[in-house]
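# Coordinate analysis (summary)
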Amino acid sequence: MDKFQTLTSTIVPLPNQNVDTDQIIPARFLKATTREGFGDNLFRDWRYDEQNNPINSFILNDPDIKGEILVAGKNFGSGSSREHAAWALYDFGFKAVVSSFFADIFKNNALNNGLLPVQVSDNFLQKIFNQYEVEANTELRVDLANQSITLLTTGETESFDINPYKKYCLENGYDDIDYLLSQREAIENFEAQALYSV
C-alpha cells in the first residue's frame, strides 16, 4: 500500500446518506479475488443505466470533478461486510473518505486496505457540502500525523480519531502482514531468548 501522511485534494461530493456496500460495489462484481479492477464498477448502478450507458448526472461521470477525497453523507458503508467496497474505492483513486458516521466493518476494511475513513461531526460535514456549493474546487487537507482535517478555503479544522496501530500501518504503507514482516528481527530475537532460557 502507499504510505499515507498528508493529503491535500479537491473533493468529490456524494451527499447521499445510508450508502451501503452493495451500492458501492454490487454483489454481481465480487467474483474476482484480487484487488485490481474493482474501481471500474464503483457505484456501478448509479454510474450506468441498464444499457451500460453513463448516467451523466452522476458525480463520478462529470469529467470536471476530480479528487482523491470522497465526501459522503452520514452512515457510509453499511450493509454486508464485503472488503471489495474498500478495494473499489481505493482502485478508483480515492485515498480518503469523509463522513459523519461509518459502519464499523467498512471502517476496518478501509483501514486494512490503505483507505483512510475520516469521521467528522455532522456540522463540519455540512460545512464542507455548503462550501462546495459556493466553490466547486473546494479542497481539504487531511493530516494523519496530527489527526486533523482542514477546509482550506475557510481554514476551519476538526480532529478525528484513529486506532494507533492502524495509523502506524497507514503511515508506513503496511498491511497486517507487512507489519509482521517489519518486526521479524524482534520476533526472531524473542524466540532465540525463549529457546535459550529453556
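Residues numbered from 1 in each chain as written. Predicted model: local features only at pLDDT ≥ 70, side-chain atom pairs only at ≥ 80, totals over all residues. Heavy atoms only, no water.

### Points about the packing of helix 3 (residues 84–92) against helix 4 (residues 104–112)
Put simply, helix 3 and helix 4 touch, their axes get as near as 8 Å, and they point 50° apart. It follows that helix 3 is oblique to helix 4 by the angle criterion. Taken as a pair, helix 3 and helix 4 cross one another with a handedness that is right-handed. Between helix 3, through Ala85, Ala86 and Leu89, and helix 4, the contact on the second element is made entirely by Phe106, Asn109 and Ala110. Classifying every residue of the contact of helix 3 with helix 4 by side-chain character gives five nonpolar, one polar and no charged. (Axes fitted to C-alpha atoms, helices over the stretch in contact; angles between N-to-C directions. Helix = DSSP H or I, 4+ residues; strand = E, 2+ residues; numbered from the N terminus. Parallel < 35°, antiparallel > 145°, perpendicular 65-115°, else oblique. Left-handed = near helix turned anticlockwise from the far one by under 90°. Contact = heavy atoms within 4.5 Å. Nonpolar A, V, L, I, M, F, W, Y, C, P; charged D, E, K, R; others polar.)

### Remarks on the packing of aromatic side chains
All chains considered together, the criterion is met by nine aromatic pairs. Between the aromatic rings of Phe38 and Trp87, the centroid separation amounts to 5.5 Å while the plane-to-plane angle is 65°, which identifies the pairing as edge-to-face. A residue pair is termed long-range when its members are at least 10 positions apart, and Phe38 in the loop between helix 1 (21–24) and helix 2 (44–47) and Trp87 in helix 3 qualify at 49 residues. Ring centres of Phe92 and Phe94 lie 5.5 Å apart, and the angle between their planes is 25°; on these two criteria the pair is classed as stacked. (Phe/Tyr/Trp six-rings, centres within 6.5 Å; stacked < 30°, edge-to-face > 60°.)

### Structural notes on the pattern of salt bridges
On inspection of all chains with the given rule, the structure shows five salt bridges. Between Glu156 and Lys127 there is a salt bridge; the shortest N-O distance is 2.6 Å. Taken together, the residues Glu156 in strand 7 (residues 156–159) and Lys127 in helix 5 (residues 122–134) connect sequence positions 29 residues apart. Overall, the relative accessible area of 27% leaves Glu156 in the partly exposed class. (Salt bridge = Lys/Arg side-chain N within 4 Å of Asp/Glu carboxyl O. Buried < 20%, exposed > 50% of the residue type's maximum accessible area, 1.4 Å probe, protein only.)

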